[in-house]
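Examination of the molecular architecture
What follows is the residue order along each chain.
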Amino acid sequence: MPGCCGCRSVGRVPYPVNPQTGVSVVVPVRNDAFALARCLEALSRQSRLPDEIIVVDNGSTDDGPDGGGAHDLRAVAARWGARLLHEPEPGILAASTTGYDAARFSVIARLDADTLPPPEWIASGLAVLSARPEIAAVTGPATFYDGPRHGAGVWARAYVGAYIGSIRLAIGMTPLFGSTFFLRTTAWHAVASVTHRWGTSLHDDLDLSIHLAPAHRVIYDRSVTVGISFRPFVQWRSLGYRFHRGFMTLALHWPGDSALLRWRRRLGRRARLLTGAGRPTLGG
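Being a predicted model, the structure only gives us computed values, none of them experimental. (Residues numbered from 1 in each chain as written. Predicted model: local features only at pLDDT ≥ 70, side-chain atom pairs only at ≥ 80, totals over all residues. Heavy atoms only, no water.)

1. Side note on the packing of aromatic side chains
The final tally for this structure, using the stated rule, is five aromatic pairs. Seen from their ring centres, Phe-144 and Phe-230 are 5.0 Å apart, and the 80° between their planes marks the pair as edge-to-face. You can see Phe-144 sitting in strand 8 (residues 142-144) and its partner Phe-230 sitting in the loop between strand 11 (226-228) and helix 8 (236-253), a full 86 residues away along the chain. We note that Phe-144, like Phe-230, is buried. Of the aromatic side chains, those joined through ring pairs into one cluster are Tyr-100, Phe-181 and Trp-188. (Phe/Tyr/Trp six-rings, centres within 6.5 Å; stacked < 30°, edge-to-face > 60°. Helix = DSSP H or I, 4+ residues; strand = E, 2+ residues; numbered from the N terminus. Buried < 20%, exposed > 50% of the residue type's maximum accessible area, 1.4 Å probe, protein only.)

2. Observations concerning helix 2 (residues 70-79)
Listing the buried residues of helix 2 in full gives Ala-70, Leu-73, Val-76 and Ala-77. Seen from one end, helix 2 has its buried residues packed into an arc of 120°, which puts them on one side. Opposite its buried face, helix 2 presents the exposed residues His-71, Ala-78 and Arg-79, each directed more than 90 degrees away. Positive phi shows up at Gly-81, right after helix 2, with a value of about 70°. (Arc of directions from axis to C-beta.)

3. Concerning the nonpolar core
One finds Trp-121, Phe-182 and Leu-208 to be the most contacted residues of the largest nonpolar core, which totals 68 residues. No other element matches helix 5 (residues 152-171), which puts seven residues into this core. With residues near it in sequence (within four places) discarded, Phe-182 still touches Val-107, Ile-108, Ala-109, Trp-121, Ile-122, Gly-125, Leu-129, Ala-136, Ala-137, Val-138 and Val-224. (Core = buried A, V, L, I, M, F, W, Y, C linked by side-chain atoms within 4.5 Å. Contact = heavy atoms within 4.5 Å.)

4. Some words on the packing of helix 1 (residues 33-44) against helix 2
The N-to-C vectors of helix 1 and helix 2 enclose an angle of 10°; their axes lie 9 Å apart at closest approach. Compared by their axis directions, helix 1 and helix 2 come out roughly parallel. Every residue of helix 2 that contacts helix 1 at Ala-33, Leu-36, Ala-37 and Leu-40 is listed here: Asp-72, Leu-73, Val-76 and Ala-77. Of the residues that constitute the contact of helix 1 with helix 2, the class distribution is seven nonpolar, no polar and one charged. (Axes fitted to C-alpha atoms, helices over the stretch in contact; angles between N-to-C directions. Parallel < 35°, antiparallel > 145°, perpendicular 65-115°, else oblique. Nonpolar A, V, L, I, M, F, W, Y, C, P; charged D, E, K, R; others polar.)

5. Some details on unusual backbone geometry
Residues Ala-213 and Pro-214 are joined by a peptide bond in cis, for which omega reads -5°. On the secondary structure map, Pro-214 appears in the loop between helix 7 (204-212) and strand 10 (218-220). Its identity as a non-glycine residue notwithstanding, Asn-31 has a phi of 50°, on the positive side.

6. A word on the pattern of salt bridges
A full pass over the atoms with the stated rule returns eight salt bridges. The residue Arg-83 makes a salt bridge to Glu-52 at a minimum N-O spacing of 2.8 Å. In this pair, Arg-83 sits in strand 5 (residues 83-86) while Glu-52 sits in strand 4 (residues 52-57), placing the two residues 31 residues apart along the sequence. For Arg-83, a relative accessible area of 25% puts it in the partly exposed group. Glu-52 gets classed as buried once you look at its relative accessible area, which sits at 5%. A salt bridge links Arg-104 to Glu-52, with the nearest nitrogen and oxygen atoms 3.0 Å apart. You can see Arg-104 sitting in the loop between helix 3 (92-102) and strand 6 (107-110) and its partner Glu-52 sitting in strand 4, a full 52 residues away along the chain. Here the salt bridges share partners, and the residues they tie into one network are Glu-52, Arg-83 and Arg-104. (Salt bridge = Lys/Arg side-chain N within 4 Å of Asp/Glu carboxyl O.)

So, in structure tokens, the structure goes:
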């Protein structure tokens, strides 16, 4: 990996002591050119600019809602200097993994098309990874930039907090929140061959979190907060679909990746280490 200045063994996973300053921002999108334009504009105002932006068009059509179809996506990506990839396989799983595979720098940052990152977002994410060489990724909270005039902050804290808290109990580690995270590219390459890459009934961020655990640690840090849209909460059907995808993702990996079995395996490994058996080796 370019710019890697040395490695430190963390269990079985080597990470750069100082991550390369290069960061690839991946933004999956379908028929949402207006929101994408605002997202890319916000990225252009970062105090630490991205080294590349990868927009993955997930089967947009030219007659998208509000005129935001494939033609408009191409124009928006070109205007802001983003690489535009096309992934015809429907679903966020295919779109996001296509973007991660294409990343050319040592840190992958993830945003949704209707996300608005504040000016210090990239700088904050890289700072956390630099200060914590033992972690694979950092994720954070969100606030609503639209929606109800009163109580939006409470809604956002409840939504993100419920997701992080419940999934942490279910899988035994902090999960990635797909609207904002920074992931070492080495960690992605370590799990890329086992993550799910097709289908529309799974949460891509939750699926990735499950495959990262337990060898790759994810932490939650408030410095990588972003603004998200209230649009998915306007209709109960949309919100229900999100819960359905979360349930289906957990069910697919149950019981082999349940929190209880993971803790049992983790304690078993520690016991073997204490007795001198099964010592981890670099890259082993």
